[in-house]
Amino acid sequence: MKIADHLEQKTLSLSFEVFPPKTDANYDTVKTATEQIAALKPSFVSVTYGAGGGTSRYTLAIAENIQKRYDVPSIAHLTCVSSTRETVRQRIEEFKKAGIETIMALRGDVPQELLGADRSGWDYHYAVELVREIRESGDFCIGGACYPEVHPESADQKEDIRHLKEKVDAGCDFLTTQMFFDNNLFYNFLYKIREAGITVPVVPGIMPITNGSQIDRAIRLSGSYVPARFKSLLDRFGDDPEAMKQAGIAYAIDQIIDLYASGIPHVHVYTMNKPDVAESIMTSLSGMLGKPL
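Rules behind the numbers
- Residues numbered from 1 in each chain as written.
- Predicted model: local features only at pLDDT ≥ 70, side-chain atom pairs only at ≥ 80, totals over all residues.
- Heavy atoms only, no water.
- Helix = DSSP H or I, 4+ residues; strand = E, 2+ residues; numbered from the N terminus.
- Expected span 1.5 Å × (residues − 1).
- Buried < 20%, exposed > 50% of the residue type's maximum accessible area, 1.4 Å probe, protein only.
- Arc of directions from axis to C-beta.
- Axes fitted to C-alpha atoms, helices over the stretch in contact; angles between N-to-C directions.
- Left-handed = near helix turned anticlockwise from the far one by under 90°.
- Contact = heavy atoms within 4.5 Å.
- Nonpolar A, V, L, I, M, F, W, Y, C, P; charged D, E, K, R; others polar.
- 1 Å grid on protein atoms, 1.4 Å probe; cavity = no way out; pocket = protein on both sides within 12 Å on 5 of 7 lines; lining within 4 Å.
- Points joined across faces, edges and corners; volume = space filled by probe spheres on them.
- Core = buried A, V, L, I, M, F, W, Y, C linked by side-chain atoms within 4.5 Å.
- Salt bridge = Lys/Arg side-chain N within 4 Å of Asp/Glu carboxyl O.

A. The arrangement of helix α7 (residues 183-195) in detail. The first and last C-alpha atoms of α7 sit 19 Å apart over 13 residues, in line with the 18 Å expected at 1.5 Å per residue. Residues N183, F186, F189, L190 and I193 constitute the buried set of α7. For α7, the angular spread of the buried residues around the axis is 115°, confining them to a single face. Among the exposed residues of α7, those pointing more than 90 degrees away from its buried face are Y191 and E195.

B. Local environment of the packing of α7 against helix α10 (residues 241-261). Interhelical geometry of α7 versus α10 gives an angle of 35° and a closest axis separation of 10 Å. In the packing of α7 onto α10, the handedness of the crossing is right-handed. Residues N183, F186 and Y187 of α7 pack against Q255, D258 and L259 of α10. When the residues that make up the contact of α7 with α10 are grouped by side-chain class, the tally is three nonpolar, two polar and one charged.

C. Representation of the layout of surface pockets in the model. The volume enclosed by the second largest pocket comes to roughly 210 Å³. If you go around the second largest pocket, you meet 15 residues; those closest to its centre are R194, P201, V202, P265 and H266. For the lining of the second largest pocket, the elements supplying multiple residues, two or more each, are α7 and β7 (202-206). Among the residues forming the lining of the second largest pocket, the class breakdown is nine nonpolar, three polar and three charged.

D. Broad picture of the nonpolar core. Grouped together as the largest cluster of nonpolar side chains are 65 residues, with contacts concentrated most on L14, L78, I134, I256 and I281. Looking at which element gives the most residues to this core, the answer is α10, with six residues. Contact partners of L14, with chain neighbours within four places excluded, come to P42, S43, F44, I256, Y260, V267, V269, I281, M282, L285 and L289. By size, the runner-up hydrophobic cluster in this structure holds 13 residues, among which are M207, I215, L233 and Y270.

E. Layout of the pattern of salt bridges. Under the definition given, this model contains twelve salt bridges. Here E35 makes a salt bridge to K31, at a shortest N to O gap of 2.9 Å. Taken together, the positions of E35 and K31, both in helix α2 (residues 27-38) and four residues apart, correspond to about one turn of that helix. According to the relative accessible area criterion, E35 is buried, its value standing at 10%. The partly exposed category is assigned to K31, whose relative accessible area is 24%. We note a salt bridge from R85 to E133, for which the minimum N-O separation is 2.7 Å.

Printed below as a string of structure tokens:
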């Protein structure tokens, strides 16, 4: 099933994101974790792709395994930054042969060693170029990323939304948001992009923060606003691993319930390859999932 077809449905659903191993030595451990997450039977699972394709070799293997062994639709991420057109086309053909119908098209982060490099000769500079490439390469469903709190490299939200519309007009069938910790930011963002003529489904991305050090990295990467309620949670439980884990999961569940209650039927959870966290969330929401909006 193409993910866009699923997103047209009005029953409440939950999907998960996993990531491939960074080294060969970690492959079996990561594979087991992703299988445990897939066994929970989410609506779909997305599998990330490293900067510059650094962890790309296992993206397809994990996505294909989840889809064939657990009958869970899989999204394979694909980034284009610093990649050649030949490499991207090869990856697209590999996805096609494996039966992957949905690709998440991302620019990706520039590898640290290439931050100061001359990019004028690169084949790709923006995700919109990759979207066009995929659209011309076959009958894929294409997803894209969006930022409720503005992309870190955009001058302002108006510019960010303008570029987002270009990406949708190029062929994106749906969008998934970067993490956020205040649902009002998502609701305001959704209103603004609808006003700008972006009508494709938008899936909110929620990350459960289960340890205190996780929030620093999350904020650094995404620039996410941390509301006072969440700061209080960190201050109270951040030094107690078990308490912080429970509190972080509870906060994420509260966000998801509010999204469902506000008419948002599909939510995506960044699991960080933690089956116990995914299971806790899925179990807590079991009475709601599959119910009509």
